Amino acid sequence: MAEWIDTPLDKRTVCQKRLRQSTNAPQPLDTLPAAWRDLLARWVRRGGNSRWETLSNDAGNNQVQLAYSLLDWLLRSGWAAVAQQWKHGDWLPQRVELLHLPQLRNALGLRDAANDEQRWQAIRTGLTNTLSESLIPALSALDEMPIQRALSRYPLIVALQQWQDEQRSGTRRDFALLARADTKGLSESEWAWLEHIFDLAEFRIERHTPLLLLAAPLTLTTEQGDLALMSCADFAAITPATMQSVTAANGTVSRWQLVENQTSFERVAKQRDENVGVIWVPGFPPSWWCVAVGQLIDLAPAPAYIACDPDPAGIAIALKAAALWQARDLAWHPWKMSAADLSGLRARKPLTEKDQLQLAALRNTNLLPAELLALSEWMLEKGEKGEQEGYL
């Protein structure tokens, strides 16, 4: 039987208000009816100190008696302290403070905010010490989230570190299998979050198996047989794994034309001269593309003519692709990236602040050939950029 501790709350009157709680230790919730547990969980989520009117409203008009029964059990079982007022010949509840909240949350299977905060800070410290530099931006993104969401998403960053450490490559499903043991284990919002922070292609994670799109007067020899690229009416699509199996390239390429915009690539591939090779550049060149194209030009070396959008990002992409040729002492040239090409477009876009910062950084590298330097000067002067699809 419960023994009570009654504390007067209003010393100006005789026992009109009091705080009542039991001396009993908290009793197990195992036998609590399901309806009581559900209502109690709602009360706990409110923070543990609420007006009785608010709590009784949680039960609904038809379940007020259920709320009173639950409150009486909590009071007698050592889980609550109740501020009461003497009215109409009875002690009526005014406010309820739930006691031993961590144990109560644990018994109900609810998260404890304080414990989550401590857990996240410990995890974050560990991540700071173990993540590679390329993954550090994820920490700021996690800090901006509610703690429970950060706790659910940080394992994706840990999996990304493992993927990077093991030099894996594959599709989204391959990564989801590693991260969640389920090829469909990541939601669309989780994929969107990862893509917002990282260029997943740089981590060799593709929506589908990546494809090297090219047209060339070559026959590629593999262990499984020959691939006659010249037999394709427009262009071929080769997986990185297939490219890795190529041991020789028969034929002659007078020059390689690299085109960023896929629509423009398809036009150029169909209209190319017979001895010209054309390669699609899928945006900022991902690692798999650099490896595949590097192997291709090792087998069929020729100068490169690189066409990207006449904008700051296009210049950066061209320089990244050109590095493959520079590393092999092969010549490269900008192609269809002149100030005249940009000024001749019917439609142009204004430079953003990010564009201007990127241009400044590019100009400071002293890597720009004369044509790209002139293009950058035109963009800065006019404050405009363009897309190669308008003329190529």
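In case you missed it, the structure is sitting above this.
We now turn to the structure provided with this report.

Observations regarding the overall build of the protein
And step 1. For the protein, the count of helices and strands is 16 helices and 18 strands.
And step 2. A compact globule built from 392 residues would reach a C-alpha radius of gyration of about 21 Å, whereas the protein, at 34 Å, exceeds it by more than 25%.
And step 3. Principal-axis analysis of the C-alpha atoms places the extent of the protein at approximately 105 × 55 × 40 Å.
And step 4. Going through the 392 residues of the protein one by one, you find that 44% of them count as buried.
And step 5. By sequence separation, contacts in the protein at least 24 residues apart represent 65% of the contacts at least 6 residues apart.
And step 6. For the protein, the exposed surface amounts to about 20700 Å²; the carbon and sulfur share of it is 48%.
And step 7. Of note, the protein has its 40 positive side-chain charges centred 9 Å away from the centre of its 46 negative side-chain charges.

Quick look at the sheet that holds strand 2 (residues 17–22)
And step 1. In space, the five strands of this open sheet follow the order 1-2-4-5-3, with antiparallel pairing throughout. Strands with a single pairing partner mark the edges of an open sheet, and in this sheet they are strand 1 (4–8) and strand 3 (49–51). Here the average twist between neighbouring strands, direction ignored, is 30 degrees.
And step 2. Here strand 4 (residues 80–87) pairs with strand 5 (residues 90–98) via eight bridges, running antiparallel. Note that in strand 5 the partner of K87 across the bridge is D90.
And step 3. Here helix 2 (residues 52–59) sits on the sheet and contacts strand 3 and strand 5; the angle it forms with strand 3, its principal contact strand, is near 85 degrees.

Considering the side chain of T171
And step 1. Relative to the helices and strands, T171 resides in strand 6 (residues 170–171).
And step 2. Setting aside residues up to four positions removed in sequence, T171 forms contacts with W163, I205, E206, R207, H208 and T209.

Looking at the packing of aromatic side chains
And step 1. Taken as a whole and assessed by the stated rule, the structure comprises seven aromatic pairs.
And step 2. Measuring from ring centre to ring centre gives 5.9 Å for W43 and W52, while their planes differ by 75 degrees; the resulting arrangement is edge-to-face. No difference in accessibility class separates W43 from W52, as the two residues are buried.
And step 3. Pairwise contacts between aromatic rings join W43, W52 and Y68 into one cluster.

Some thoughts on helix 3 (residues 64–76)
And step 1. Its 13 residues place the ends of helix 3 19 Å apart at the C-alpha level, agreeing with the 18 Å of an ideal helix rising 1.5 Å per residue.
And step 2. Those residues of helix 3 not exposed but buried are L66, A67, L70, L71, L74 and L75. Summarising the axial view, the buried residues of helix 3 lie within an arc of 165 degrees, below the 170-degree limit, and thus occupy one face.
And step 3. In this structure, the buried residues of helix 3 make contact with strand 1, strand 2, helix 1 (34–45), helix 2, strand 4 and strand 5.
And step 4. Directly beyond the C-terminal end of helix 3, a positive phi value near 80 degrees is found at G78.

A word on unusual backbone geometry
And step 1. Even without being a glycine, A181 presents a positive backbone phi close to 55 degrees.
And step 2. Within the secondary structure layout, A181 lies in the loop between helix 8 (172–180) and helix 9 (188–197).
And step 3. What makes A181 exposed here is its relative accessible area of 65%.
And step 4. Residues other than glycine seldom take positive phi values, yet N366 does so here, at roughly 60 degrees.
And step 5. Of note, N366 is situated in the loop between helix 15 (353–364) and helix 16 (370–382).
And step 6. With relative accessibility at 71%, the residue N366 sits in the exposed group.

Some remarks on the pairing of strand 5
And step 1. As paired strands, strand 3 and strand 5 are joined by three bridges and run antiparallel to one another. The partner of R51 across the bridge, within strand 5, is R95.
And step 2. In this antiparallel pair of consecutive strands, strand 4 and strand 5, the connection spans two residues, and H88 shows a positive phi of 55 degrees.

So, the environment of N275
And step 1. With respect to the secondary-structure elements, N275 resides in the loop between helix 11 (262–271) and strand 14 (276–280).
And step 2. On the accessibility criterion, N275 (37% relative accessible area) is partly exposed.
And step 3. Once the C-alpha coordinates of N275 and P217 are considered, the two residues, 58 residues apart in sequence, prove to be 6.0 Å apart.
And step 4. Ignoring anything within four residues of it in the chain, the contact list for N275 reads P217, T252, V253, S254 and R255.

Procedures and definitions
- Residues numbered from 1 in each chain as written.
- Predicted model: local features only at pLDDT ≥ 70, side-chain atom pairs only at ≥ 80, totals over all residues.
- Heavy atoms only, no water.
- Helix = DSSP H or I, 4+ residues; strand = E, 2+ residues; numbered from the N terminus.
- Rg over C-alpha atoms; globule rule 2.2 N^0.38 Å.
- Buried < 20%, exposed > 50% of the residue type's maximum accessible area, 1.4 Å probe, protein only.
- Contact = heavy atoms within 4.5 Å.
- Areas by Shrake-Rupley, 256 points an atom, 1.4 Å probe, with all protein chains shown as cover.
- Lys, Arg positive; Asp, Glu negative; His and termini not counted.
- Charge placed at Lys NZ, Arg CZ, Asp CG, Glu CD.
- Pairing = 2+ DSSP bridges.
- Axes fitted to C-alpha atoms, helices over the stretch in contact; angles between N-to-C directions.
- Phe/Tyr/Trp six-rings, centres within 6.5 Å; stacked < 30°, edge-to-face > 60°.
- Expected span 1.5 Å × (residues − 1).
- Arc of directions from axis to C-beta.

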